[in-house]
Amino acid sequence: MGLVEVGDPEAFAALYDRHGRMAYSLAYRMMGEKQEAEDVVQEAFIKVWRSAGGYRVGRGSVRTWILSIVRNRGIDHIRSHATRGRMQDKVEASAPTFEPSEAFAETWKNTQQEHVREALNTLPHEQLKILELSYFSGYTHVEIAERLELPLGTVKGRMRLGLQKLRDYYQARGAAVPR
Amino acid sequence: MNGMDQERFEDLKDAYVLGALPEEERLEFEQYLVAHPDLQAEIEELSTIAGLLAFSVPEQEPSPELRRRIMATVEGEAVQPRTSRRSWLAGLWEAVGPRDLALAGAAILVIGLFSWSMLLQGEVRDLQGRVQSLQSQPQGPQMIALAGAGTEQGARAELVTLEGDRAVLVAENMPPAPEGKTYQIWVIKGDTPQPSGLFEPKGDSVAAVVENPVEGADAVAVTIEPEGGSKKPTTDPMLVGKVKA
């Protein structure tokens, strides 16, 4: 990361090779189509390149930092182009693809993803749905309440319980939350 | 909109970390956060929980074209300083004149080529010596550098493989493990990370025996785990070294 900060393109290429696929996977989940997802990732990584000095070690991993930039760019795209309707359809219609890469990197990632999916499986459907509508689709709590015809207090309550359950899952296992 | 206070902060914090606050509320929430820095850690922890959703998405492969487009922009911006060097040369060209500048350039080129040739001859001799030395030690220890988030924090680690299957992990400048946690070594074969020893950095450097054979392994990694270690890794590796060529 230090070399990226001083403007080393080779270090940046290594950073992209390490985190690009995860970033693209998140963008694709949000945008639901290849072209928009690539635009989001491109904008996010250019931002990473231009503001690498803004990364602070104490504030989580490089991956978390990059994913938060991807997500913010994705939300900007969704809100400016109002693509969320077609995005939902495409995401639901698309089959997940998985291409294994080097064994050691996959092992770590798979283990973490297994845990995260297991943790998410502990959530009741109505809590998970609200977390996903906000996190991936960029709906505000007010919009979610309108869309699901629920009182705003119920939406906030489900958000709180959903996050609490995820935290409990890791605490019960004495495990650190992936960053 | 009511004024922000602790009660309202508690009411909105979950929506905030999920990015689900309308713009006006978000700004008000962030102003409150700036005024109460003691709440920052709680929000960061909650953001990490919300960020778990990003790990749940199905894997998708970006096109190689995306990488090319990003790198084209990055490389284009990285070479900008060369543009200013060109301007400096252009200024010199105007000040000294083309003929003098060409003569000076030719002289520098001749001296440069001569020095370069001498340097290369030295390097060739050095490399020949190293090859002979390696050929005479066919079973010597191998050192594999580990990389990862840990090195970004200034740590340095190498896996030293010894005769037989034994290996030792040598690390420098490892930050102390957080309270109630420890460093754990993993030997990864195929899809299986095998727990291979715990260690606590004491002083500037530490050496820990890798408790499983590394021969035939794909990689060796280090994670931070709860005290006593874990059966499976529960955090991102701080350090990873690829064993197989």
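Caption draft 1: Examining the sheet that holds strand 7 (residues 219–226) of chain B more closely. Residue and element names in this part refer to chain B. Spatially, 4 strands are ordered 5-4-7-8 in an open sheet, and the strand pairing comes out antiparallel. Both edges of this open sheet fall to strand 5 (192–199) and strand 8 (239–242), since each of them pairs with a single strand only. Averaged over all neighbouring strand pairs, the angle between strand axes comes to 30°, with direction disregarded. The pairing of strand 4 (residues 181–189) with strand 5 spans 6 bridges and is classified as antiparallel. Following the sheet pairing, Q184 is matched in strand 5 by L198.

Caption draft 2: Expanded view of the sheet that holds strand 6 (residues 205–210) of chain B. Residue and element names in this part refer to chain B. The antiparallel open sheet is built from 4 strands, whose spatial order is 1-2-3-6. Each having just a single partner strand, strand 1 (142–146) and strand 6 make up the two edges of the open sheet. Strand-to-strand, the axes of this sheet are offset by a mean angle of 20°, without reference to chain direction. Where strand 3 (residues 167–172) lies against strand 6, 6 bridges are found, and the strand directions are antiparallel. Within strand 6, the position partnered with E172 by the bridge is S205.

Caption draft 3: Region of the structure containing helix 3 (residues 40–55) of chain B. Here helix 3 of chain B is 16 residues long and its end C-alpha atoms lie 23 Å apart, about the 22 Å a rise of 1.5 Å per residue gives. Turning to helix 3 of chain B, its buried residues number three or more, namely T48, I49, A50, G51, L52, L53, A54 and F55 of chain B.

Caption draft 4: The interface of chain A and chain B, seen in detail. Opposite the 66 residues of chain A that make contact, chain B presents 55 residues. Those elements that provide at least two residues to the side of chain A that touches chain B are helix 2 (9–31), helix 3 (34–50), helix 4 (62–81), helix 6 (103–121), helix 7 (125–135), helix 8 (141–148) and helix 9 (152–172) of chain A.

Caption draft 5: Molecular detail of the confidence of the model for chain B. All names here are of chain B. In this model, chain B carries a mean pLDDT of 75, and residues with pLDDT of at least 70 account for 68%. Taken element by element, the predicted model of chain B shows its lowest mean pLDDT in helix 5 (residues 80–96) (45) and its highest in helix 1 (residues 6–17) (95). A low-confidence stretch, residues 81–96 (pLDDT under 50), is modelled with 4 contacts involving residues beyond four sequence positions or located in other chains. Taken together, the stretch residues 133–138 has pLDDT below 50 and engages in 0 contacts with residues farther than four places along the chain or on a different chain. The ipTM value of the predicted complex is 0.78, and its pTM value is 0.55.

Caption draft 6: Spotlight on the confidence of the model for chain A. Residues and elements named next belong to chain A. The pLDDT averaged across chain A works out to 80; a share of 75% of its residues lies at or above 70. Mean pLDDT values for the elements of chain A range from 42 in helix 5 (residues 84–93) up to 95 in helix 8. Across residues 83–101, confidence stays below pLDDT 50; counting only partners more than four residues off in sequence or on other chains, it has 24 contacts.

Calculation criteria
Residues numbered from 1 in each chain as written. Chains lettered and ligands numbered in written order. Predicted model: local features only at pLDDT ≥ 70, side-chain atom pairs only at ≥ 80, totals over all residues. Pairing = 2+ DSSP bridges. Helix = DSSP H or I, 4+ residues; strand = E, 2+ residues; numbered from the N terminus. Axes fitted to C-alpha atoms, helices over the stretch in contact; angles between N-to-C directions. Expected span 1.5 Å × (residues − 1). Buried ≥ 20, exposed ≤ 12 C-beta atoms within 10 Å, placed from the backbone. Contact = placed C-beta atoms within 7 Å. pLDDT = per-residue confidence, 0-100.

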